[in-house]
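An overview of the molecular structure
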Amino acid sequence: MSLKPDAKIIFNAARDGKLYRLRALLQHLCVEEMQTIVNTKTGGATPLVMACRNGHLEIAKFLVNRCKADIELTGSDIEVSNRHGHTCLMIACYKGHFHIAKYLLSLHADVNRKSVKGNTALHDCAESGNLDILKLLIDNGAQMDVDAYGMTPLLAASVTGHTAIVEYIIDTLGTATRQEVINALELLGATYVDKGRNMHVAYELWRKAMVMRYDPTHSLIPKPVQTTPVEAYEYAKEVQTLEELQELVSDPDAMRVQALLIRERVLGPAHPDTSYYIRFRGAVYADAGRFSRCISLWNYALDMQQNILEPLNPLTQSSLVSFAELFSLMMDADSYNNSSVSRKIPTINFADIMMVLKKCIYEVSSGASIKDKPCFDETHFQRVLIISLHICCVLAKLLPLLSAEQRHEAHSLVYSLVSLRIRGKNNRTFLHYVCTSNTGVVVKYSACQFPCAALVKMLCHTGADVNAKDDDGNTPLHLVALSPVYKVDVAHVLLEHGAHLDAVNESGLAFKDLLPDKLHTVVNEVNHTTLACLAARVVRKNSIPFERVVPSGLHAFILQH
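The structure displayed is predicted, hence computed values, not measured ones. (Residues numbered from 1 in each chain as written. Predicted model: local features only at pLDDT ≥ 70, side-chain atom pairs only at ≥ 80, totals over all residues. Heavy atoms only, no water.)

Helix and strand content of the chain: 30 helices and zero strands. A buried classification covers 49% of the 561 residues belonging to the chain. Surface exposure of the chain reaches about 26,500 Å², of which carbon and sulfur atoms provide 52%. (Helix = DSSP H or I, 4+ residues; strand = E, 2+ residues; numbered from the N terminus. Buried < 20%, exposed > 50% of the residue type's maximum accessible area, 1.4 Å probe, protein only. Areas by Shrake-Rupley, 256 points an atom, 1.4 Å probe, with all protein chains shown as cover.)

The next thing to look at is helix α17 (residues 291–308). Along its 18 residues, α17 runs 26 Å from first to last C-alpha, staying within 8% of the 26 Å computed at 1.5 Å per residue. Here α17 lies mainly inside the structure; 13 of its 18 residues are buried. (Expected span 1.5 Å × (residues − 1).)

Now for helix α6 (residues 88–95). Most of α6 sits out of view: six of its eight residues are buried. Listed in full, the buried residues belonging to α6 are C88, L89, M90, I91, A92 and C93. The elements touched by buried residues of α6 are α4 (47–53), α7 (98–106), α8 (121–128) and α9 (131–139). Two residues or fewer after α6 comes G96, characterised by a positive phi angle close to 80 degrees. (Contact = heavy atoms within 4.5 Å.)

Take the nonpolar core next. Membership of the largest hydrophobic core comes to 92 residues, with the highest contact counts inside it found for L455 and L494. Per element, the largest residue contribution to this core is 13 residues, and it comes from helix α21 (residues 378–398). Setting aside residues no more than four positions away along its own chain, L494 makes contact with L431, C435, V456, V466, P476, L477, V480 and A499. Counting 81 residues, the second-largest nonpolar core is a separate cluster that includes L89, A121, A156 and A209. (Core = buried A, V, L, I, M, F, W, Y, C linked by side-chain atoms within 4.5 Å.)

Applying the stated rule across the entire model yields 14 salt bridges. Across the pair D194 and R281 runs a salt bridge, and its minimum N-O distance is 2.6 Å. In this pair, D194 is assigned in helix α12 (residues 178–196) and R281 in helix α16 (residues 272–287), connecting sequence segments 87 residues apart. Here D194 matches R281 in class, with each residue buried. (Salt bridge = Lys/Arg side-chain N within 4 Å of Asp/Glu carboxyl O.)

With that settled, consider unusual backbone geometry. Note on backbone geometry: most residues besides glycine have negative phi, and most peptide bonds are trans. In this chain, F450 is followed by P451 through a cis amide linkage whose omega measures -5 degrees. For P451, the position within the fold is in the loop between α23 (430–433) and α24 (453–461). At E234, a residue that is not glycine, the phi angle is positive and equals roughly 55 degrees. In this structure, E234 sits in the loop between α13 (199–213) and α14 (242–248). For E234, a relative accessible area of 47% puts it in the partly exposed group. You will see that R421, though not glycine, has its phi angle at about 50 degrees, which is positive. Relative to the helices and strands, R421 resides in the loop between α22 (404–418) and α23. Residue classification places R421 among the exposed positions, given a relative accessible area of 54%.

With that settled, consider the packing of aromatic side chains. In the structure shown here, the tally under the stated rule is seven aromatic pairs. Taking the centre distance of 5.2 Å and the plane angle of 70 degrees together, the rings of Y233 and Y300 count as edge-to-face. Within this pair, whereas Y233 is found in the loop between α13 and α14, its partner Y300 is found in helix α17, the two being separated by 67 residues in sequence. For the residue pair Y233 and Y300, the accessibility class agrees, reading buried in each case. Ring centres of Y277 and F280 lie 6.1 Å apart, and the angle between their planes is 80 degrees; this geometry places the pair in the edge-to-face category. Here the residue Y277 and the residue F280 both occupy positions in helix α16, the gap between them amounting to three residues, near one helical turn. Here Y277 falls in the buried class, since its relative accessible area comes to 6%. (Phe/Tyr/Trp six-rings, centres within 6.5 Å; stacked < 30°, edge-to-face > 60°.)

Attention now goes to the side chain of T475. Position of T475 among the secondary structure elements: in the loop between α24 and α25 (476–482). Ignoring sequence-local partners within four residues, the contact set of T475 consists of H432, V466, N467, A468, K469 and A503.

On to the packing of helix α20 (residues 350–369) against α21, then. It is at 10 Å that the axes of α20 and α21 come closest, and there the two elements cross at 155 degrees. Of the possible angle classes, the one that applies to α20 and α21 is roughly antiparallel. In the crossing of α20 with α21, the sense of the turn from one axis to the other is left-handed. Of α21, the residues touching α20 (which contributes F350, I353, M354, V356, L357, C360, E363, V364, G367 and A368) are F381, V384, L385, S388, I391, C392, V394, L395 and L398. Taken together, the residues of the contact of α20 with α21 sort by class into 16 nonpolar, two polar and one charged. (Axes fitted to C-alpha atoms, helices over the stretch in contact; angles between N-to-C directions. Parallel < 35°, antiparallel > 145°, perpendicular 65-115°, else oblique. Left-handed = near helix turned anticlockwise from the far one by under 90°. Nonpolar A, V, L, I, M, F, W, Y, C, P; charged D, E, K, R; others polar.)

Spatial relationships are all this shows, so hold off on functional conclusions.
Now the structure itself:
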């Protein structure tokens, strides 16, 4: 008696294009069993979705037709979508698989169906740049619709730089309005600046759009006037005339800023590409050694994300990680500058790191406020907590270089983070996280890596509980011993601030039990063991009832030992 094949095996065979294996796996199943298993999702997608994604036409046909047999049952559902709402047709169009798209359309696949974010197969095709599939979709009734960001397929092609599709929609279809054509040309020009690095083509596209704006045979369509210039753009404004546009040609940096201005106006701040290209431009400035320009642009993008996006959004997290790595690189500037590399890296500006840390704390606080709501994602929250601590780590290492007033300001800001009394995964405190390298967030540079004695000291000074326990009963001192990266100085700082050397976790293990071979190099146990600790050990070791004898304020102390 043969066993039914596992759904994942079917999925893998479809994904890898192994038609012979699919036939062998499914041949002994009845029609109903086969229909069930080929429509089972693995990782959010069915075997048919993966076959269409990877261009396996014969497998797609087999999965659709195999279950029809002698009864009125369909095979794989061609309208089933993945977790993002993308159907087989959308995926085939995005991947450029013309024959699969044609086959699905022959089965009357819904050509105008929308994904979770509102895009259609026409959007996916415009983004990937396949003109033949675009024509096929239009011949089968595809409509020019807008997605959740207000993007048409024309704009989708412009933002990804697919000139042939832009020209076909504008010149051959002729369905776009004059304003839509102008926006598309300006956006395509911005894409040539940032992706193609072709200033000449960008200029010609912008010039064409400008001529259309002021075409005397039609009503004027002037550019919106910016009322509040942006500091991060060095207060630049969009050019309004052909003369102003001509002046840009000799200034590549001004062209790049113009591209950012155009993209923000056309796409809006909510579109991911708006903040992405601001960050991209900032990174280019950083590579050129212009760190202040980078930080200014990244702060502007971060403000945009925090104002528009929901708390804990991955895009916001990405911006914060970039700051952590940039500040860490700048903290390591001394060793970098002493190398043979000619480019020098400036030291960190205190105001810059304080500004970013305030935004980190805002993100942490915003995330904590939605902890009881369905939209809360614990993994994202955990990540934001740790990123914030990485930036705190750089700040802690800056302290010796700061004035007394700046040190007070820095401690006050870290105190505002500690005072949130937030616990992360496994009920760990901020102090737990900075005592171990095993946090799940990787940064490239050493200046903000854990364990970090400077940050442990700063957290202790700002009110962190040095003897707090997580769900496993581990204190921060336990995690020092358990960390893959062992730091003696971190243990010393904890003990200096009152960590109990003999506190036990849920397994009954103290720090000395987890690190017996290195204990003598860490601390003299006698110097960190009080009479109270010894008494508590005796009470616990001998299971002496103490609840009604000892004041309630000492109960937690006894239970730690």
